[in-house]
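# Observations on chain architecture
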Amino acid sequence: MTTAPVRPNPLKTRPVGGDRTWLLLAYTAISGLLLVFMRDLVADGPMKMLQPVLFGGFLLSLLFAYQWKAAPWAKMLVFAAAIVFVLPFMGRSNTSYFDLMIQMMIFSALALGLNIVVGLAGLLDLGYIAFFAVGAYLWGIFGSPQFAEVTGNPAFANGINPAYFWLFIPLAVAAAAGVGVLIGLPVLKLKGDYLAIVTLGLGEVIRIFANNLSVTNGPQGIDAIESAPVPWLNSLAHTLGFAEDQYRLFFLYILVLGVIAVTIVVNQRLDRSKIGRAWIAIREDEVAAQAMGVPLLKTKLLAFATGASFAGAMGVIFAAKQAFIDPKSFDYFQSIGVMSMVILGGMGNIPGVILGAIVVTMLNLMVLPTLSEVLQSSFPNINQNLDPSKYQRLIFGLVLVFMMLYRPEGLLPSERRKHEMHSDDEHPAVDSITTENLNHGGELGGHLRDGSGAETRSPGLATRRDNERTGSEK
Amino acid sequence: MDLQTIGTILLQVAVGGLSLGVLYAIIALGYTMVYGVLQLINFAHSEVFIAGGIVGYFVFEALKDASLNGYLKLIVACLAAMFVSGGLNVLIERLAYRPLRGAQRLVPLITAIGVSLVLQDSLRFLVGVRGLFDLSVNLPKGFTNSITTFLGVNISLLNLQVKDIILIGVAGLMMLGLNLLVNHTRMGRAMRAVAHDRQTSGLMGINSDSIISLTFLIGGALGGLGGVMFAMKYQALNAYSGTIPGMKAFTAAVLGGIGNIPGAMLGGLVLGWVETFLGVVSLFQGIPGLHWLGAIKAEYKDLGAFLALILILFFKPAGLLGKATTEKV
């Protein structure tokens, strides 16, 4: 085993040799507990609060596993077991977990898309959910009885052939990117604040259209949206003991996993590509970037369209999962929700953004509803207005404000930065301030402490910082 | 459709758009003042404004049975709302924006969005514990009376109410007062100096922190007054109903050239007219050749604001009255 002492907080300490035994043991214990208790805890009463706690603990254990400096195979084993075994198993015993997990991943992909726009390129997009709506309505109209209503052709009583689902994912990508370019062209020449208000307006425009057009069936929304038929997956699900009404979720779970994997790879590639560096340059200083030969409008437009295309694809999947969409799912508040995911997790950092999406989704769809259920069953006469699930905005708002005030880099700052902050323990105080300031990777709020940290900059430190950066940026 | 009907509709649009437009303009002033000084879009302004409306509701409710003159009740409501909203705005600035001075521009902007969400639910909570959600405002008697004659001319077709006249009058007074304050007082000069260059004005002996607080106080007070006017105009509001008018007022401020006080008024009026016009434009489908106007339902009037914004920004990126800024390198 290892000689390094095992300390209680794996997030802060990094045993040099890597301690896979502890990781595997802790992980097995938590998922074992989860699997044993999850079935019996569906009971009502205050005990119900254990559900989100246990599930949260399980997800947290995955984060620990990710952060722990164990051998890669141990990490891979943990993640594979979670994805292939534990999560589907839980989904089988309780469909609402399946639903929650798919929703988490949809929002993760959305947040990763917004991360490109806001996190990398620094363009504040307050109407991001509009692109999501474009994708959702595209498949929603074609893949449901609504298509028969629109065309007046009774042959389409169940929409077009569900196998076209696969075609509609690239179509939605193209449509969302197209809308992104259309809206971006006139406004991306403007300064950041103007962009914020125009994108806000775009979100509003899409919502008004969804609410009033006959194609979208107005506020009643579209019902009975199909999903792609995959017979072999259904028979696999059958073999694994899933109920028939869970086949669809099983398929979407697998699909979303695939999409997330693609999204992460694309995000990583973009982050390290020439265009990614151009985005970062624009975020840091538009004028300087332009002077260095970065084509401003083209680069911004590309960021806008790329982020939008992610949202478009996820919209199709969202429509297939919900089987029902209405304009309420796509309002301004939802855009802010996705943004708070990006900010909470750590803008510009892929694992951070996913963490943010998981935390916020879990809060919205599990913790708050369970809390209000428990409250209502324990105090039946409680005022309806004290219902915790009605205060999502408050929570989003507090997240945004406190993150900006105290930790603008997010819960999970990027690995590189953490490495820089802890690599040198000789004068940690000075080091952490300066490196955080200067090597922020330009995260949002990178200049937050410029004032307080300015005097600690010295030529010596700056030189070393430059060396470090080239060393870690292989 | 004969000419007289068209004329009446257009006149109605002009008057209705005026009363809507000045409402937007009042709210827009709060945005534009803060933006002028801090270059910050104060998203929380729409909640500060609706907080004023809610205060107004409670004042009207409390004074419902008091044997006071209706106008006196309105004045009390306005003062209370201005006090609360102004204080709220100063508090927000202290707690949320001041620690972020000098941060990257996105940071305070996101904070402002966060503050606005927090305020929405806090207002909902404060009102909600009384078992209320949608407030319907009982105005003093006489405010909703229609005006039938103006200078001896019969204008009963215009559907103009006393409250619209009050709204337009209050807005006019406010803009006049603000203009005097900013352009003709020592305090206004200090505000303009801070807006122009915070550091240099500090060297000249201006305490920029207190000037910024003052700006927030005035902006908030204007917002509160706007809130009472909103409550008076629509007579229905809840904790979330500030968002859309807030957005539109901000659009108005951008349209007119943000940071520019006459611009905010102009933008508000343009928006009010565009919106009111789009609301009734489908009536013109009876005119030969214009039948396609029937497709523009009244619901689409909200689109007008944003289409106008995009259109105007496309041709005048700094807004109608804004001056193009050159980046200092």
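Residues numbered from 1 in each chain as written. Chains lettered and ligands numbered in written order. Predicted model: local features only at pLDDT ≥ 70, side-chain atom pairs only at ≥ 80, totals over all residues. Heavy atoms only, no water.

### A few points about the overall build of chain A
Scanning chain A for helices and strands turns up 20 helices and 0 strands. Across chain A, the fraction of contacts at a sequence separation of at least 24, relative to all contacts at a separation of at least 6, is 73%. In the form shown here, chain A has an accessible surface area of approximately 20500 Å², with 65% of it arising from carbon and sulfur atoms. (Helix = DSSP H or I, 4+ residues; strand = E, 2+ residues; numbered from the N terminus. Contact = heavy atoms within 4.5 Å. Areas by Shrake-Rupley, 256 points an atom, 1.4 Å probe, with all protein chains shown as cover.)

### Brief notes about the overall build of chain B
Assigned secondary structure in chain B consists of 11 helices and 6 strands. Its C-alpha radius of gyration of 21 Å places chain B within 12% of the 20 Å reference for a compact globule of 329 residues. Reported as C-alpha extents along the three principal axes, the dimensions of chain B are approximately 65 × 55 × 40 Å. A separation of at least 24 residues holds for 74% of the contacts in chain B among residues at least 6 apart in sequence. Accessible area for chain B stands at about 14400 Å²; split by element, carbon and sulfur atoms hold 66% of it. Charged side chains of chain B number 21 positive and 14 negative; the gap between the two group centres comes to 8 Å. (Rg over C-alpha atoms; globule rule 2.2 N^0.38 Å. Lys, Arg positive; Asp, Glu negative; His and termini not counted. Charge placed at Lys NZ, Arg CZ, Asp CG, Glu CD.)

### Overview of the nonpolar core
Phe55(A) and Phe165(A) are the most contacted members of the largest nonpolar core, which totals 226 residues. It is helix H4 (residues 95-120) of chain A that provides the largest number of residues to this core, a total of 18 residues. The contacts of Phe165(A), once residues within four sequence positions are left out, are Trp139(A), Ala228(A), Phe251(A), Leu255(A), Val316(A), Ile317(A) and Ala320(A). Counting residues in hydrophobic clusters, the runner-up holds 7 residues, among them Ile6(B), Val13(B), Val281(B) and Phe284(B). (Core = buried A, V, L, I, M, F, W, Y, C linked by side-chain atoms within 4.5 Å. Buried < 20%, exposed > 50% of the residue type's maximum accessible area, 1.4 Å probe, protein only.)

### With respect to the interface of chain A and chain B
Across the contact, 53 residues belong to chain A and 54 residues belong to chain B. When chain A packs against chain B, close to 4500 Å² is buried across both sides, 73% of that on carbon and sulfur atoms. Considering only the surface of chain A that becomes buried against chain B, Asp193(A), Tyr194(A) and Arg393(A) emerge as the three largest contributors, covering 14% of it. Summed over the shared surface of chain A and chain B, the result is 3 residue pairs in polar contact (both at pLDDT 80 or more). Counting only elements with at least two residues in the side of chain A that touches chain B, the list comes to helix H7 (165-187), helix H8 (192-212), helix H11 (274-284), helix H14 (332-345) and helix H16 (392-406) of chain A. The element contributing the most residues to the side of chain A that touches chain B is H8(A), with 13 residues. (Buried area = accessible area lost by both parts, 1.4 Å probe. Polar contact = N/O pair within 3.5 Å; in protein donor to acceptor, adjacent residues only side chain to side chain.)

### Notes on the pattern of salt bridges
All names here are of chain A. Per the stated rule, a full pass over the model turns up 11 salt bridges over all chains. For lysine 321, the salt bridge is made with aspartate 99, and the minimal N-O distance between the two is 3.3 Å. Of this pair, lysine 321 sits in helix H13 (residues 296-322) while aspartate 99 is found in helix H4, placing the two residues 222 residues apart along the sequence. By relative accessible area, lysine 321 is classed as buried at 6%. We classify aspartate 99 as partly exposed; its relative accessible area is 32%. (Salt bridge = Lys/Arg side-chain N within 4 Å of Asp/Glu carboxyl O.)

### Topic: the environment of Gly16(B)
With respect to the helices and strands, Gly16(B) occurs in helix H1 (residues 3-38). Sequence separation between Gly16(B) and Val280(B) is 264 residues, and the spatial gap between their C-alpha atoms is 11 Å.

### Remarks on unusual backbone geometry
Residue and element names in this part refer to chain A. In this structure, alanine 224 is a non-glycine residue whose phi angle is positive, near 55 degrees. Note that alanine 224 resides in the loop between H8 and helix H9 (231-239). Residue alanine 224 is classed as partly exposed on the basis of its relative accessible area of 39%. In the Ramachandran plot, alanine 323 falls in the positive-phi region, its phi being about 65 degrees despite a non-glycine side chain. Note that alanine 323 resides in the loop between H13 and H14.

### Side note on the packing of helix H15 (residues 350-378) of chain A against H16(A)
All names here are of chain A. Between H15 and H16, whose axes approach to 11 Å, the crossing angle comes to 150 degrees. Comparing their axes, H16 and H15 come out roughly antiparallel. At the point where H15 passes H16, the crossing takes the right-handed sense. Contact residues: Val360, Leu363, Asn364 and Leu368 in H15; Gln392, Ile395 and Phe396 in H16. For the contact of H15 with H16, a count of residues per class yields 5 nonpolar, 2 polar and no charged. (Axes fitted to C-alpha atoms, helices over the stretch in contact; angles between N-to-C directions. Parallel < 35°, antiparallel > 145°, perpendicular 65-115°, else oblique. Left-handed = near helix turned anticlockwise from the far one by under 90°. Nonpolar A, V, L, I, M, F, W, Y, C, P; charged D, E, K, R; others polar.)

### Here's the deal with helix H8 (residues 208-234) of chain B
Residues and elements named next belong to chain B. Look at H8: 38 Å from first C-alpha to last across 27 residues, which is about the 39 Å you get at 1.5 Å a residue. Taken across its 27 residues, H8 has 22 buried, putting it largely inside the fold. Capping the start of H8, asparagine 207 holds a side-chain oxygen 3.2 Å from the backbone nitrogen of aspartate 209, two or three residues further along. Directly beyond the C-terminal end of H8, a positive phi value near 60 degrees is found at glutamine 235. (Expected span 1.5 Å × (residues − 1).)

### Here we look at the side chain of Lys248(B)
Residue and element names in this part refer to chain B. Within the secondary structure, lysine 248 sits in helix H9 (residues 243-256). Within the local environment of lysine 248, its side chain forms a polar contact with the side chain of glutamate 275, the two groups lying 3.5 Å apart. Residues in contact with lysine 248, not counting those within four places in the same chain, are Tyr24, Leu271, Glu275 and Asp302.

### Some points on the packing of aromatic side chains
Residue and element names in this part refer to chain A. Counted under the stated rule, the structure contains 23 aromatic pairs over all chains. An angle of 45 degrees between the planes, with centres 5.1 Å apart, marks the rings of phenylalanine 142 and phenylalanine 168 as tilted. Of this pair, phenylalanine 142 sits in helix H5 (residues 129-142) while phenylalanine 168 sits in helix H7, and the two are 26 residues apart along the sequence. Ring geometry for phenylalanine 402 and tyrosine 406: centres 5.9 Å apart, planes at 15 degrees, overall stacked. Highlighted residues: phenylalanine 402 and tyrosine 406, both in helix H16, separated by 4 residues, approximately one helical turn. A relative accessible area of 44% places phenylalanine 402 in the partly exposed class. Its relative accessible area of 58% is what places tyrosine 406 among the exposed residues. (Phe/Tyr/Trp six-rings, centres within 6.5 Å; stacked < 30°, edge-to-face > 60°.)

### Describing helix H2 (residues 50-67) of chain A
For H2(A), with 18 residues, the first-to-last C-alpha span of 25 Å sits near the 26 Å given by 1.5 Å per residue. For H2(A), the full list of buried residues reads Gln51(A), Pro52(A), Leu54(A), Phe55(A), Phe58(A), Leu59(A), Ser61(A), Leu62(A), Leu63(A), Ala65(A) and Gln67(A).

### Quick look at a nonpolar patch on the surface
Nonpolar side chains collect at one region of the surface, where Val150(A), Phe209(A), Leu213(A) and Val215(A) lie side by side and expose about 280 Å² of accessible area between them. Positionally, Val150(A) belongs in helix H6 (residues 146-151). (Patch = residues over 30% accessible without salt bridge, like charges linked within 9 Å, V, L, I, M, F, W, Y side chains within 5 Å.)

### Overview of the confidence of the model for chain B
Residue and element names in this part refer to chain B. Across chain B, pLDDT averages 84, with 95% of residues at or above 70. Model confidence for chain B, summarised as mean pLDDT per element, is weakest for strand E3 (residues 149-150) at 69 and strongest for helix H3 (residues 70-97) at 92. What the predictor reports for the complex is a pTM of 0.81 with an ipTM of 0.85. (pLDDT = per-residue confidence, 0-100.)

### Notes on the environment of Ile325(A)
Looking at the element boundaries, Ile325(A) is found in the loop between H13 and H14. Distance in space between the C-alpha atoms of Ile325(A) and Leu405(A) is 36 Å, their sequence separation being 80 residues.

### As for the packing of H14(A) against helix H4 (residues 106-128) of chain B
At their nearest, the axes of H14(A) and H4(B) sit 12 Å apart, and the two run at 125 degrees to each other. The angle between H14(A) and H4(B) falls in the class oblique. Along this stretch, H14(A) crosses H4(B), giving a crossing that reads as left-handed. Contacts between H14(A) and H4(B) involve Tyr332(A), Phe333(A), Ile336(A), Met339(A) and Ile343(A) from the first element and Ile110(B), Ile113(B) and Leu117(B) from the second. When its residues are assigned to classes, the contact of H14(A) with H4(B) shows 8 nonpolar, no polar and no charged.

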